[in-house]
Amino acid sequence: MSRQMSETLRVGMILAVSGGFMDAYSYLCRDHVFANAQTGNMLLLGVHLSQGDVSGAFQYLCPVAAFTIGIIVSDFLRYRTDGRLGSLHWRQSSLLIEAVLLLGVAFIPFGYNLLANSIISLACGIQVESFRKIHDNGIATTMCIGNLRSGTQNLCEYIFKKDRSRLRKSLLYYGIIGCFMLGAVMGSIVILWLQEKSILMCSGILCIAFVMMYGNRQR
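Residues numbered from 1 in each chain as written. Predicted model: local features only at pLDDT ≥ 70, side-chain atom pairs only at ≥ 80, totals over all residues. Heavy atoms only, no water.

Asker: Could you give me a rundown of a nonpolar patch on the surface, with the residues and numbers involved?
Answerer: Together, V185, I189, L192, W193 and L194 line one region of the surface with nonpolar side chains, adding up to about 570 Å² of accessible area. Mapped onto the elements, L194 comes out in helix 7 (residues 164-194). L194 sits in the partly exposed class, given a relative accessible area of 45%. (Patch = residues over 30% accessible without salt bridge, like charges linked within 9 Å, V, L, I, M, F, W, Y side chains within 5 Å. Areas by Shrake-Rupley, 256 points an atom, 1.4 Å probe, with all protein chains shown as cover. Salt bridge = Lys/Arg side-chain N within 4 Å of Asp/Glu carboxyl O. Helix = DSSP H or I, 4+ residues; strand = E, 2+ residues; numbered from the N terminus. Buried < 20%, exposed > 50% of the residue type's maximum accessible area, 1.4 Å probe, protein only.)

Asker: Account for helix 6 (residues 145-161), with residues named and values stated.
Answerer: For helix 6, with 17 residues, the first-to-last C-alpha span of 24 Å sits near the 24 Å given by 1.5 Å per residue. Contacts made by the buried residues of helix 6 are with helix 7. Where helix 6 ends, the next residue or the one after it, K162, has phi of about 60°, a positive value. (Expected span 1.5 Å × (residues − 1). Contact = heavy atoms within 4.5 Å.)

Asker: Pulling in residues and values, what's your account of the nonpolar core?
Answerer: Within the largest apolar cluster, 40 residues are counted, with the highest numbers of intra-cluster contacts made by M22, L95, L102, I120 and I199. Going through the elements one at a time, helix 1 (9-29), helix 4 (90-105), helix 5 (113-130), helix 7 and helix 8 (199-212) are the ones with two or more residues in this core. A per-element tally of this core places helix 1 first, with nine residues. Other than its neighbours up to four places away in sequence, L102 contacts M22, I120, A123, I199, C202, S203 and L206. (Core = buried A, V, L, I, M, F, W, Y, C linked by side-chain atoms within 4.5 Å.)

Asker: Would you mind going over the pattern of salt bridges in detail, with residue names and values included?
Answerer: Per the stated rule, a full pass over the model turns up three salt bridges. Notably, a salt bridge pairs R166 with E157, separated by 2.9 Å at the nearest N-O pair. Residue R166 is classed as partly exposed on the basis of its relative accessible area of 27%. Looking at E157, the relative accessible area reads 17%, which means it is buried.

Asker: Help me get a handle on the packing of helix 3 (residues 54-80) against helix 4, residues and values and all.
Answerer: Where helix 3 contacts helix 4, the two axes come as close as 9 Å, and the packing angle between them is 150°. Remark: the crossing between helix 3 and helix 4 carries right-handed chirality. Across the interface between the two elements, S74, L77 and R78 of helix 3 pack against W90, S93, S94 and I97 of helix 4. Here the residues of the contact of helix 3 with helix 4 sort into three nonpolar, three polar and one charged. (Axes fitted to C-alpha atoms, helices over the stretch in contact; angles between N-to-C directions. Left-handed = near helix turned anticlockwise from the far one by under 90°. Nonpolar A, V, L, I, M, F, W, Y, C, P; charged D, E, K, R; others polar.)

Asker: Can you lay out unusual backbone geometry for me, pointing to particular residues and giving the numbers?
Answerer: The backbone phi angle of D31 is positive, close to 70°, even though this residue is not glycine. Looking at the secondary structure, you find D31 in the loop between helix 1 and helix 2 (38-50). The backbone of D136 sits at a positive phi, close to 70°, despite the residue not being glycine. Counting through the fold element by element, D136 comes out in the loop between strand 4 (133-134) and strand 5 (137-138). Residue classification places D136 among the partly exposed residues on the basis of a relative accessible area of 40%.

Asker: So what's going on with the environment of V190? Residues and values would help.
Answerer: Topologically, V190 is positioned in helix 7. Counting along the chain gives 165 residues from V190 to Y25, while the straight-line C-alpha distance between them is 9.2 Å. When residues no more than four places from it in sequence are discounted, the contact partners of V190 are F21, Q195, S198 and M201.

Purely geometric numbers; function is a separate question.
Okay, here's the thing in structure tokens:
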């Protein structure tokens, strides 16, 4: 069975590494805001509002809004370009935009963390909407909660029904979670050396996925 290169395991693994890297960067390097985990941002938004801290709430509201805009950008590329933008598949265009956005973040000083976090969340919104499947399974490469649920569900179905296909699916989900954690570890280490410039490595990771997607279809 052939499938889009964007839905293959190798591309998904690279994107999951980038997802973990982005979250580590925004949290550790940019005022403890989550790039991907908008549930956490919404929680902290509510906490700050309950305390009457409007300015504190604002730093979490902006990334949530930017993430939403990123989803809109992805769907615009998908539906308004007939699946292609010039010679590029629309998902390649999404990756290119994402890589350029993160490249720009590397040159935003620490005093403008709200802007940096909003741009990163915009990039994450583009990625989460553009890449939603691996081997025909719904998988997110920028967050873990849905993958953890699906991986555990498939593991339970393997245990109770002895269906080995469910074990393979479970390992797929857990493997993507592992790649996300690897990206977080990489980000944490690189930040110690490069500080705000460390996000350049994440941009480079996305460029690798971009090049890989020139193999249009893969078994």
